[in-house]
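One-letter residues, chain by chain:
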Amino acid sequence: MRVGICCFPSFGGSGVVASELALALAEGGDVVHVVSSDRPPRLSERANVHFHRVDGSEIEEYGLFDRPLQTLALANRLAQVAAAAGLDVVHAHYAAPHAVAALLARRLLAEGGGDQPPCPIVTTVHGTDVTLVGARPSYRDIVGWALRASDRVTAPSEALAREAAERFSLDEPVDVIPNFVPPAAAGRRGSSAPDAPASGRIVHVSNFRPVKRAADVVAAFALVRREVPARLCMVGDGPERAGAERQCRELGLADHVTFLGNQTHVEPILEQGDLFLSASESESFGLASLEALALGVPVVATRTGGVPEVVCDNRNGLLCPVGDVEALAASCVALLSDPSRRQAFAAHGRKWTRSRFDRARIVARYRELYRATLTIGRAAASEDASLLEKVEA
Ligand code: GMT
């Protein structure tokens with residue numbers, strides 16, 4: 001198949017999932033066209049993967065626009081790519097702006113009167129489009145429209161599928177297709193030695209947005225340090241990083257915490273950890289937790305959204321209430337001071353992720369879904385016009 005994928009070029013989970021999916025599809029013989037404002041960090045070069053940059057900045061020189069009209073530029077580029085490459089299906093990661101742009105592109109092509117059948121659109125919601133963007137009055141209606149007008153909608157967890165269906169009153173079921181373990185994590189054995197004495201290496205990976213509650217990670221770590229001589233490695237970058245660094249200095253922790261910034265490949269860092277710690281307020285899935293478990297690193301995380309579908313409480317990790325810094329710290333201390341429990345958790349995590357989040361099986365599910373949409377794309381495309389008219393009215 002010829003598959004178009006549009007996604008954010010981010011270090012965050014959705015950019016990683018979209019890129020890893022593109023690579024896996026290409027590996028299986030599909031031709032993939034990734035359309036984004038920049039090359040996603042994990043999208044390595046390989047045969048059958050074509051990258052198309054969306055620019056849109058030409059209008060800035062006119063002076064009237066303070067930024068590119070990204071959604072329009074994306075729709076325009078997507079239509080060009082769909083026509084030139086003869087795409088069979090477009091997979092939009094995030095309802096807004098990607099599914100909206102894909103729907104506009106399809107309309108644009110239909111108006112152009114080409115002889116290519118309309119391209120079906122599969123949209124994957126990743127969390128923020130439902131819980132944040134979709135919750136704001138300025139975006140709610142257009143996100144709901146994009147989801148209803150997509151030929152199929154998928155979510156990485158039951159929790160997010162339920163939330164999307166309820167929030168946007170979706171008539172059609174949302175397919176739950178979990179994220180898969182990237183080959184770089186599946187292919188490593190994990191070098192942490194869970195049966196060795198606890199060295200107390202805790203790893204946190206996030207984009208340091210407020211929803212990640214980086215301050216709770218640092219506060220929990222401060223409590224852990226009272227019991228165990230632990231170290232904390234913070235991976236990623238974002239708005240709360242500077243605050244977390246300041247908090248470490250104020251708590252006298254600066255010598256025990258390393259901030260590494262964004263990293264394209266987190267596996268070598270994760271596998272050096274004895275524990276992965278996440279304090280998120282909301283998390284549709286928790287890709288970094290999945291990668292940690294696959295590497296045999298137990299997880300201490302907050303019980304929110306789709307996290308309990310990834311982390312099995314008391315089997316391969318420990319789940320705590322959001323905001324309960326004491327519980328997070330106590331869970332870290334409990335695991336760091338019990339090597340045999342860590343070892344059992346590590347073994348469970350490896351086995352669980354291999355069976356439940358297997359790449360080949362999950363990529364096959366996307367392929368099946370794409371095939372199923374080929375027959376409905378034409379009908380759906382003719383409905384776009386009336387839906388768009390309703391939204392514009
Ligand atoms: O967590 C973020 O802020 C990044 C966001 C993204 O768009 O990359 O991640 C979302 O999608 C990931 C891949 O499906 C999930 O693993 C994350 O849990 C999800 N984040 C949230 O729901 C907050």
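Residues numbered from 1 in each chain as written. Predicted model: local features only at pLDDT ≥ 70, side-chain atom pairs only at ≥ 80, totals over all residues. Heavy atoms only, no water.

Colleague: I tried to follow helix H6 (residues 158–167) on my own but got confused; where do I start?
Modeller: Residues of H6 that are buried: Ala159, Leu160, Ala161 and Ala164. Residues of H6 that are buried sit in contact with helix H4 (128–131), strand S6 (152–155), strand S7 (175–176) and helix H12 (307–310). A positive phi of about 45° marks Ser169, the residue just after H6. (Buried < 20%, exposed > 50% of the residue type's maximum accessible area, 1.4 Å probe, protein only. Helix = DSSP H or I, 4+ residues; strand = E, 2+ residues; numbered from the N terminus. Contact = heavy atoms within 4.5 Å.)

Colleague: So what exactly am I meant to see when it comes to the pairing of strand S12 (residues 299–302) here?
Modeller: Consecutive side chains of a regular strand alternate in pointing toward one face of the sheet and then the other. Side-chain alternation along S12 places Val299 and Ala301 on one buried face and Val300 and Thr302 on a second face that is also buried. Bridge count for strand S11 (residues 275–277) against S12 is two bridges, and the pairing is parallel. Directly across from Leu277, in S12, lies its bridge partner Val300. At this point the chain moves from S11, through helix H11 (residues 287–294), to the parallel S12, and the crossover so formed is right-handed. Where S12 meets strand S13 (residues 317–320), four bridges bridge the pair, whose relative direction is parallel. (Pairing = 2+ DSSP bridges. Right-handed = clockwise from strand over helix to strand, strands pointing away.)

Colleague: Please explain the pattern of salt bridges as it appears in this structure.
Modeller: Pairing between side chains of opposite charge can happen when their charged atoms approach one another. According to the stated counting rule, one finds 20 salt bridges in the structure shown. Among the salt bridges present, the one from Arg2 reaches Asp88, with a minimum N-O distance of 3.2 Å. One end of the pair, Arg2, is in strand S1 (residues 2–6); the other, Asp88, is in the loop between helix H2 (70–85) and strand S4 (89–93), with 86 residues separating them in the sequence. Given a relative accessible area of 37%, Arg2 falls into the partly exposed group. With relative accessibility at 21%, the residue Asp88 sits in the partly exposed group. We note a salt bridge from Arg241 to Glu245, for which the minimum N-O separation is 3.0 Å. One end of the pair is Arg241 and the other is Glu245, both in helix H9 (residues 241–250) and four residues apart, which spans about a single turn. Residue classification places Glu245 among the partly exposed residues on the basis of a relative accessible area of 24%. A single network of salt bridges, built from pairs that share partners, joins Glu20, Arg42, Glu267 and Glu291. (Salt bridge = Lys/Arg side-chain N within 4 Å of Asp/Glu carboxyl O.)

Colleague: Could you clarify how one ought to interpret the packing of aromatic side chains in this entry?
Modeller: For the structure on display, the rule yields five aromatic pairs. Ring centres of Trp352 and Phe357 lie 5.8 Å apart, and the angle between their planes is 85°; this geometry places the pair in the edge-to-face category. An aromatic cluster is built from Phe285, Trp352 and Phe357, whose rings are joined through pairwise contacts. (Phe/Tyr/Trp six-rings, centres within 6.5 Å; stacked < 30°, edge-to-face > 60°.)

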